[in-house]
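# Coordinates in review
Spelled out from the first residue to the last, the chains are:
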Amino acid sequence: MRGISLPSAFAVCVPQPGGDCGNQVLEMFDHAYSNYMEHAYPADELMPLTCRGRVRGQEPSRGDVDDALGKFSLTLIDTLDTLVVLNKTKEFEEAVKKVIKDVNLDNDIVVSVFETNIRVLGGLLGGHSVAIMLKEKGEHMQWYNGELLHMAKDLGYKLLPAFNTTSGLPYPRVNLKFGVRHPEARTGTETDTCTACAGTLILEFAALSRFTGTSIFEEYARKALDFIWEKRQRSSNLVGVTINIHTGDWVRKDSGVGAGIDSYYEYLLKAYVLLGDDSFLERFNTHYDAIMRYISQPPLLLDVHIHKPMLNARTWMDSLLAFFPGLQVLKGDIRPAIETHEMLYQVIKKHNFLPEAFTTDFRVHWAQHPLRPEFAESTYFLYKATGDPYYLEVGKTLIENLNKYARVPCGFAAMKDVRTGSHEDRMDSFFLAEMFKYLYLLFADKDDMIFDIEDYIFTTEAHLLPLWLSTTNQTISKKNTTTEYTELDDSNFDWTCPNTQILFPNDPMFAQSIREPLKNVVDKSCPRSIPRAEESLGSGPKPPLRARDFMASNPEHLEILKKMGAASSLDAEDGLRFMQEMIELSSQQQKEQQLPPRAVQIVSHPFFGRVVLTAGPAQFGMDLSKHKAGTRGFVATIKPYNGCSEITNPEAVKEKIALMQRGQCMFAEKARNIQKAGAIGGIVIDDNEGSSSDTAPLFQMAGDGKNTDDITIPMLFLFNKEGNIILDAIREYEAVEVLLSDKAKDRATIFKDLEMENMDQKLSENDSHKQNSEEATSASRDVGAVREEPEEGESSDTTDPDSLPPAHTDSDSVSVSDWDSLVPGTDEASAPEPACMQGDNQPQEQKTETESNSKVNWDNKVQPMESILADWNEDIEAFEMMEKDEL
């Protein structure tokens, strides 16, 4: 198989407004959207590793995550207004027709009120907003008659039964067909909901009321917000994460700006922008003052207790708080936005993506990354506020990482573990709804847009609602119930939308001066938060002792420990926090004693490293964390498949990575048997049908209680679903090569390794050919003559070059360095002749046995170059020159 250079989809773009980065975002969107439409629609979401749709009930349950799925073509609805932002009006028109014709909202299925509101109701309203805009322009959607709005209203009525509580807070789930309390509803027994779940309704519900003139939706959403406001903790002005929907009691009393609360704050400020109600602005500013007083510890944002806001509730942060710098930009508070964004960017540069949660010293706490868009959102808003090209560079990094680490043949796959680079078989609808929207807008000029984006406000799912709704169908009286409860520093209102002061000083170095102290923050030990005002004067108390800093050999630390709980209420508070941190620190250290997950990366044609599977480690054999190169080889299925006795096909296993089934004997016994047969590694595949790393905890293979030092090869464990991906690849491509490692390799590194292997192979072949030629010459001198015609049954040593078949008919004969010339450029007429045609005159004897059996023999079938190019559909699409992939 010919090696390859980096495909065009991975090319480095130039980060500048209107530059090629925007075009690259368009290509990436096309790759994701077209694969959803081809392989998944009308299912809710695409499963990009197995190239099929995710249909609820047909896949193993993922718990609450599946509550977003309602058998209503979620991804298509969520993507509607993205198509218009990306100037794909033809595709938008086709998509709207599909939604109107195919989508059924009357399914007997229990869904999340929150997710259905922001994704489906928001998607329908966003689609309607841009549809009427296009219709008014007179070029597109002339047939449109508000069909999406009718569907939105129908869905709104299906969500209303969830609000049937004494508090006005909605139940977290509702049955689309039977509501909440119906005998067949299978829901309505819940007592708790998250603050964001109940407080992220006002934009969509108010817009639905304003569009239709039906006030009930806005009334219900306002009532829920009013109740949360009434139940805030009065002394701190903070809200908790989880609240009882019947009593209003706080169930979880920690407070932050991340998961569980995030979009509640966002919707207070944006409700003021969209609806013009001052009470929403005053509530937001009250909360914001508390956030900056207690939660903000620049550059960190740490959860605290609502009753004791000086006491941190945990020592880690979740990735959803990445939206907050963007919200601070909307408020006009630029400095802390820059600080937190820069800290998050440093975490991304360390791990390629933002882990779902990370500690205050920037270690991974939860390793998943479902391709969340919040950081891209904040990057866009910071660039719009500052004009600083630094944020274009940040956007370029996001594009490169998505292409390098998340792109797979059928779309983009979520990261199962940012440490290993392994994938999860999911591509959430918000990836298309938000990520590409914000990345495209980051690089777009006004000339690239077919409408003015400033005329709209983004919902939390980045759907577009027109600002003119603020003056339409105002049926709700504006009652101010805010300021009677709190006294605020008037300066807090100076930087508030609408802002009469300049957002950003006229100094291009201003943002850089804020970022500079934070540029190495992740690589150093945990940054000390900026001291609060009373501590920064020099005469105030010292910062409290933190568990992570405690040293038992330090007399001063021991003295502080003795005082905790004895001297004052403040000391008691410090003592409580210290003990809590110690418990978390101990738990974290116990987790770190467990072996981290490993990666199985398929590096052969047509995967080339784009598919990475999460693998469980073994407590014996080669430690892949100490062998960074990993173990690479072709896979072979052993006989017997359980590996519990002597291997009967050692010739097939030798120098290969052995595949075997779990069960019937100890893992160490399997390892010894395949090692004896000559295997260089082993993969154990779970025998439990349907098991998956998506739904099961990490599995570690234990030893057999004996000394396992004799096992020197690496052993990894794959759940059934991930193992079947490799088995299916073998059935389709026969020769499948994988890399076993502690972390997936960059694809560019894989390509480089292939090129080096091909170069070494060529040198070896040339040396062999030269030696054979010399021997032949010597022999001819000894004999004194050379036979001119071969005898019957013999082959000639030399062959007429013109009689040779084209070199490209043998897929093993192509060099890595020649791949660029195989792929047509954007100007087909000027493209050079493919290198494979230039090799037609090479003597056939150069094709030695070594070549045909080399490690880069990806496929032992004779394969024409046209089919090889077709296999690279997603990369060749960037050139828009080749036919579709038939994988």
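Residues numbered from 1 in each chain as written. Predicted model: local features only at pLDDT ≥ 70, side-chain atom pairs only at ≥ 80, totals over all residues. Heavy atoms only, no water.

## Let's talk about the overall build of the protein chain
Quick reminder of the rule: Helix and strand assignments come from DSSP, with helices taken as H or I runs of at least 4 residues and strands as E runs of at least 2, each series counted from the N terminus. Buried residues are those whose accessible area, probed at 1.4 Å on protein chains only, stays under 20% of the maximum for their type, while exposed residues exceed 50% and partly exposed ones sit between those limits. Any two residues having at least one pair of non-hydrogen atoms within 4.5 Å are treated as being in contact. Note on areas: Shrake-Rupley with a 1.4 Å probe; residue coverage comes only from the protein chains shown.
Helix and strand counts for the protein chain come out as 27 helices and 27 strands. Residues classed as buried in the protein chain amount to 57% of the 887 residues present. The long-range fraction of contacts in the protein chain, counting pairs at least 24 apart against all pairs at least 6 apart in sequence, stands at 73%. Surface exposure of the protein chain reaches about 37,300 Å², of which carbon and sulfur atoms provide 49%.

## Section: the sheet that holds strand E5 (residues 192–194)
Cut-off, in case you're wondering: DSSP calls a pair of strands paired once it identifies at least 2 bridges connecting them. Working convention: axes come from line fits to C-alpha atoms, limited for helices to the stretch in contact. Angles between N-to-C directions cover 0 to 180 degrees.
Taken in spatial order, the three strands make up an open sheet running E5-E6-E7, and their pairing is antiparallel. Each end of this open sheet is capped by a strand with a single partner; those strands are E5 and strand E7 (250–252). Direction aside, the axes of adjacent strands within the sheet are offset by 35° on average. Looking at chain direction, strand E6 (residues 242–244) and E7 are connected through two bridges and run antiparallel. Opposite Thr-242, over in E7, you have Arg-252 as the bridge partner.

## Looking at helix H21 (residues 720–733)
For clarity, the cut-off: In this analysis, the expected span of each helix is defined as 1.5 Å times one less than the number of residues it contains.
Compared with an ideal rise of 1.5 Å per residue, which puts 14 residues at 20 Å, H21 spans 20 Å between its outermost C-alpha atoms and is within 8% of the ideal. Those residues of H21 lying buried are Asn-720, Lys-721, Glu-722, Gly-723, Ile-725, Ile-726, Leu-727, Ala-729 and Tyr-733. Remark: Glu-734 follows H21 within two positions and exhibits a positive phi of approximately 65°.

## A closer look at the confidence of the model for the protein chain
Low pLDDT marks regions whose predicted coordinates should not be analysed in detail. Inclusion rule: The pLDDT score gives, residue by residue, the confidence of the prediction method on a 0 to 100 scale.
Confidence in the prediction for the protein chain averages 81 pLDDT; 73% of positions are at 70 or higher. Contacts of residues 1–9 to residues separated by more than four positions or lying in other chains number 48 contacts, the stretch itself having pLDDT below 50. Confidence drops under pLDDT 50 across residues 525–540; counting only partners more than four residues distant or on other chains, this segment forms 21 contacts.

## A short note on the sheet that holds strand E12 (residues 316–318)
Read across the open sheet, the three strands follow the order E12-E13-E14; overall the sheet is antiparallel. Two strands in the sheet have a free side with no partner beyond their single neighbour: E12 and strand E14 (364–366). Going from strand to strand, the sheet's axes swing by 30° on average, the running direction of each strand aside. Bridge count for strand E13 (residues 357–359) against E14 is two bridges, and the pairing is antiparallel. In the sheet register, Ala-357 faces E14, and the bridge partner there is Trp-366.

## Considering the environment of Asp-108
Note the threshold: What qualifies as a polar contact is a pair of N or O atoms within 3.5 Å, subject to a donor-acceptor requirement within protein and to the restriction that residues adjacent in sequence count only when both atoms come from side chains.
Inspection of the secondary structure assignment puts Asp-108 in the loop between helix H3 (89–102) and strand E3 (110–112). A relative accessible area of 39% means that Asp-108 is categorised as partly exposed. C-alpha separation for the pair Asp-108 and Arg-186, spaced 78 residues apart in sequence, amounts to 9.7 Å. Other than its neighbours up to four places away in sequence, Asp-108 contacts Asn-175, Lys-177, Phe-178, Glu-184 and Arg-186. Among the polar contacts made by the side chain of Asp-108, one reaches the side chain of Arg-186 at a distance of 3.1 Å.

## Some remarks on the pairing of strand E25 (residues 681–685)
Heads up, the rule is: We call a crossover right-handed when, viewed with the strands running away from us, the connection from the first strand over the helix to the second turns clockwise.
Of all five residues making up E25, five are buried, and the element is well covered by its neighbours. Side chains of E25 alternate between two faces, with Gly-681, Ile-683 and Ile-685 and Gly-682 and Val-684 buried alike. Bridge count for strand E24 (residues 657–661) against E25 is five bridges, and the pairing is parallel. Counterpart to Met-660 in the pairing with E25 is Val-684. Where the polypeptide runs from E24 across helix H20 (residues 667–676) and back to E25, its parallel neighbour, the crossover connection is right-handed. Judged from the four bridges that link them, E25 and strand E26 (residues 715–718) form a sheet pairing that is parallel. Bridging from a neighbouring strand, Ile-683 pairs with Leu-716 of E26.

## Concerning the pattern of salt bridges
Rules: Salt bridges are defined as contacts in which a side-chain nitrogen from Lys or Arg sits within 4 Å of a carboxyl oxygen from Asp or Glu.
A complete count under the given rule lists 41 salt bridges for this structure. A salt bridge links Asp-277 to Arg-222; the nearest nitrogen and oxygen atoms lie 2.9 Å apart. Taken as a pair, Asp-277 in the loop between helix H9 (262–275) and helix H10 (278–295) and Arg-222 in helix H8 (residues 216–230) lie far apart in primary sequence, 55 residues in all. Residues joined by salt bridges that share partners form a network here, namely Glu-45, Arg-62, Asp-66, Glu-115 and Arg-119.

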